[in-house]
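An overview of the molecular structure
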Amino acid sequence: MADTTQYRSRDKLRELQSDRLRDIVEYARENVPFYRETLDDAGISPADVDSTEDIRSLPFTTKADFRETYPDGLFAVDDVDVRRIHASSGTTGKPKIVAYTDADLELWNEVMARSLAAAGLDSSDTVQNAYGYGLFTGGLGFHAGAEALGATVIPTGSGNTQRQVELARDLESDALCCTPSYALYFAETAEEMNIDPRELPLSTVLYGAEPCTEPMREAIEERLGVRGYENYGLSELIGPGVAVECAAQEGLHIWEDHFYPEVIDPRTGEPVPEGEEGELVLTSLTKEALPVLRYRTGDLTTLTRKQCECGRTMARMDGVTGRADDLLIVRGVNCYPSQIESVVLEFDAVAPYYRIDLYRDDNLDRLELTIELEDEFDGDRDRLRSEILDRLGNALSFTPDDLELAEYGTIGRTEVGKVKRVYDHR
Ligand code: DLL
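These remarks concern the structure in this document. (Residues numbered from 1 in each chain as written. Predicted model: local features only at pLDDT ≥ 70, side-chain atom pairs only at ≥ 80, totals over all residues. Heavy atoms only, no water.)

Focus: the nonpolar core
- Within the largest apolar cluster, 71 residues are counted, with the highest numbers of intra-cluster contacts made by L206, Y232, F259 and M317.
- Tallying contributions element by element places helix α4 (residues 102-118) first for this core, with eight residues.
- With sequence-adjacent residues up to four places away left out, M317 is seen in contact with Y232, A243, G251, L252, I254, L280, T301, T302 and L303.
- Residues V165, A183, Y353 and L373 belong to the second largest nonpolar core, which totals 50 residues. (Core = buried A, V, L, I, M, F, W, Y, C linked by side-chain atoms within 4.5 Å. Buried < 20%, exposed > 50% of the residue type's maximum accessible area, 1.4 Å probe, protein only. Helix = DSSP H or I, 4+ residues; strand = E, 2+ residues; numbered from the N terminus. Contact = heavy atoms within 4.5 Å.)

Quick look at the structure:
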């Protein structure tokens, strides 16, 4: 049956969201002592919440709240009703533990199946799932969603890349699900095996879990001969399947009937005008085991509610340019790793691999940028270096203290898990 939810009018959607918001605030207050306390402290009774407009009066939930209530202080159901646990390991401290009831798993399947369908897949497709299985939500999230769609799933998980290339060829995988950095690693591995990755049957890559700039997406599409569709999500809300690109590739549709989005100024907490960049805040409208109200994701993006050419009415977010805490402040100049990535990857001679090292010498910050050259590069390195430095200076008012042009293949590749490109030695 066709899913009409994604195409309903904004007015109808708002009505549904308002109903669900009222219910979830009441449900969270009744079942999670943490929410009873924070709502009471803010002087808010669920009866004050009439429509989505009122969401602004609710207090935020933060990563620190997950840490402080570790492991299960935010759960709203008894153990007997928890069917599955996942966890997301932050860079510091304890992992955030998240839980799902049967109904939550069904909801997850539904939004993942929708996400895969929006990216053009259907039950005739073979989906090779190279996201890690285990506590990470990527593996099981994509797996169950692809099954719910009726597709054939090959659960390779991450790693073992030579075998993955062989399987993609022999089992004629149509789609590969993986991080953007892994998609490139997969292409490189195929080349090393003397298999042209463009000749593989793959036509789609469903990438996510890490930032991916436009030039990085182009590199993936070009090297693998595929179309890339971005998927965004986070464990605290559900996992992958919060938002995904459709065929128009003009932003990621947020499945707003389940996840209510806002974008705020991370410094003031106030909403920013539509189209302006800020921190994404999400409220789960239907989750049972772990309802979250106004969760500060830390992810920076913009939001538009203009209708998409695909006909879906659900709001779209831009690809996440970075996290509020990824901001590099080097001698008073602010910039994000993704901005550096966008600039350097505009150069054809530069391969899509780089790293940023930060040091502090005599109380002064120093940033070293290492970028890889394409294998076939035999041009003038000094000239290329000064062109890149000029371009960085013009585009970002920023020049690294050191710019190393490394040989192709010298920067470590990430075969399992999320790529790390910034090393702060300070
Ligand atoms: O990474 C869920 C996921 C799996 C999404 C597979 C897409 C595909 P966590 O491990 O909890 O969950 O990490 C969530 O990863 O807050 C973002 O900072 C980042 N992230 C996720 N998707 C994207 C994306 C999964 N498309 C955190 N672009 C989020 C940029 C992303 N960053």
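What follows picks up the thread again.
Some remarks on the pairing of strand β5 (residues 175-178)
- Of the two faces of β5, the one carrying A175 and C177 and the one carrying L176 and C178 are both buried.
- Looking at chain direction, strand β3 (residues 126-129) and β5 are connected through three bridges and run parallel. Across the sheet, residue V127 finds its bridge partner in β5, namely A175.
- For β5 and strand β6 (residues 204-208), the ladder comprises four bridges, and the chain directions are parallel. When the bridges of β6 are listed, C178 appears paired with Y207. (Pairing = 2+ DSSP bridges.)

What to know about the packing of helix α6 (residues 161-170) against helix α7 (residues 180-192)
- Where α6 contacts α7, the axes come no closer than 9 Å and their chain directions differ by 80°. With respect to each other, α6 and α7 are oriented roughly perpendicular. Only Y182, Y185, F186, T189 and A190 of α7 make contact with α6, whose side of the interface consists of T161, Q162, Q164, V165 and A168.
- Split into classes, the residues belonging to the contact of α6 with α7 amount to six nonpolar, four polar and no charged. (Axes fitted to C-alpha atoms, helices over the stretch in contact; angles between N-to-C directions. Parallel < 35°, antiparallel > 145°, perpendicular 65-115°, else oblique. Nonpolar A, V, L, I, M, F, W, Y, C, P; charged D, E, K, R; others polar.)

Points about unusual backbone geometry
- The residue after Y70, namely P71, is reached through a cis peptide bond having omega 0°.
- Among the structural elements, P71 can be located in the loop between α3 (63-68) and β1 (84-88).
- Of note, the phi angle at N194 is positive, near 60°, even though the residue is not glycine.
- Its relative accessible area of 73% is what places N194 among the exposed residues.
- Although it is not a glycine, R294 sits at a positive phi angle of roughly 45°.
- With respect to the helices and strands, R294 occurs in the loop between β11 (278-284) and β12 (295-301).

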